[in-house]
Every structure is written in structure tokens, then in C-alpha cells.
Amino acid sequence: KQYIETGIKKMMGTQREVTAQRKDGTTFPCSLGISEPGQSGLFCGFIRDLTQEKARESEIIAKQVAAEKLSTELRENQG
């Protein structure tokens, strides 16, 4: 609405991470983008499910924490 009234692009042409809701009521992380093709006055919305990416990020963080813990334990045992 703000873009239509003012022409100021706050969300247009950018992407944001938001939480979306599926038809069954469950929520999931997604990337949301909105664009206006040309000067048509029409808008296109793009949603990309980030569930797998977020799961991989969590897995990587868990492995980093485990590696740091193991490294600390090894240093303590050597000293």
C-alpha cells in the first residue's frame, strides 16, 4: 500500500526471511520477495521454503559446538 501511495520502495526488489504458514497450519521459514514487472501496477510475490537450509545451518552449528568442546577437552587433558 505504501509503495502504491508514495512510490517509495521499502520491500520491492528485496528479499526478507519470514515465517509462513502452510494450509495445514504448520509454520516454516521462508524467503519472501516482491517485485513489480515493469510499470504494470501488478505485483509478483516469490516464496522459497528455507526449511532444509535452516536444518543444515543448525547441523553445522551443532558440529562446530561439538568440535570446540572436544578441542577444549583435548587441551585440558594435555595440560
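Scroll up for the structure.
Below: a short report on this structure. (Residues numbered from 1 in each chain as written. Predicted model: local features only at pLDDT ≥ 70, side-chain atom pairs only at ≥ 80, totals over all residues. Heavy atoms only, no water.)

1. Examining the overall build of the chain
Piece 1. When its secondary structure is counted, the chain shows two helices and three strands.
Piece 2. Taken from N to C terminus, the helices and strands of the chain fall in the order α-β-β-β-α.
Piece 3. A compact globule built from 79 residues should have a C-alpha radius of gyration of about 12 Å, whereas the chain, at 21 Å, is more than 25% larger.
Piece 4. Buried positions account for 13% of the 79 residues belonging to the chain. (Helix = DSSP H or I, 4+ residues; strand = E, 2+ residues; numbered from the N terminus. Rg over C-alpha atoms; globule rule 2.2 N^0.38 Å. Buried < 20%, exposed > 50% of the residue type's maximum accessible area, 1.4 Å probe, protein only.)

2. Description of the side chain of Ser31
Piece 1. Position of Ser31 relative to the elements: it lies in strand S2 (residues 27-35).
Piece 2. Looking at Ser31, its side chain comes within polar contact range of the side chain of Gln15, at 3.1 Å.
Piece 3. Dropping the residues within four chain positions of it, Ser31 is found in contact with Gln15, Arg16, Phe46, Ile47, Arg48 and Leu50. (Polar contact = N/O pair within 3.5 Å; in protein donor to acceptor, adjacent residues only side chain to side chain. Contact = heavy atoms within 4.5 Å.)

3. Considering the environment of Ser40
Piece 1. Considering the arrangement of structural elements, one finds Ser40 in the loop between S2 and strand S3 (44-49).
Piece 2. Here Ser40 falls in the partly exposed class, since its relative accessible area comes to 43%.
Piece 3. Expressed as a C-alpha distance, the spacing of Ser40 and Gly25, which sit 15 residues apart in the sequence, is 34 Å.

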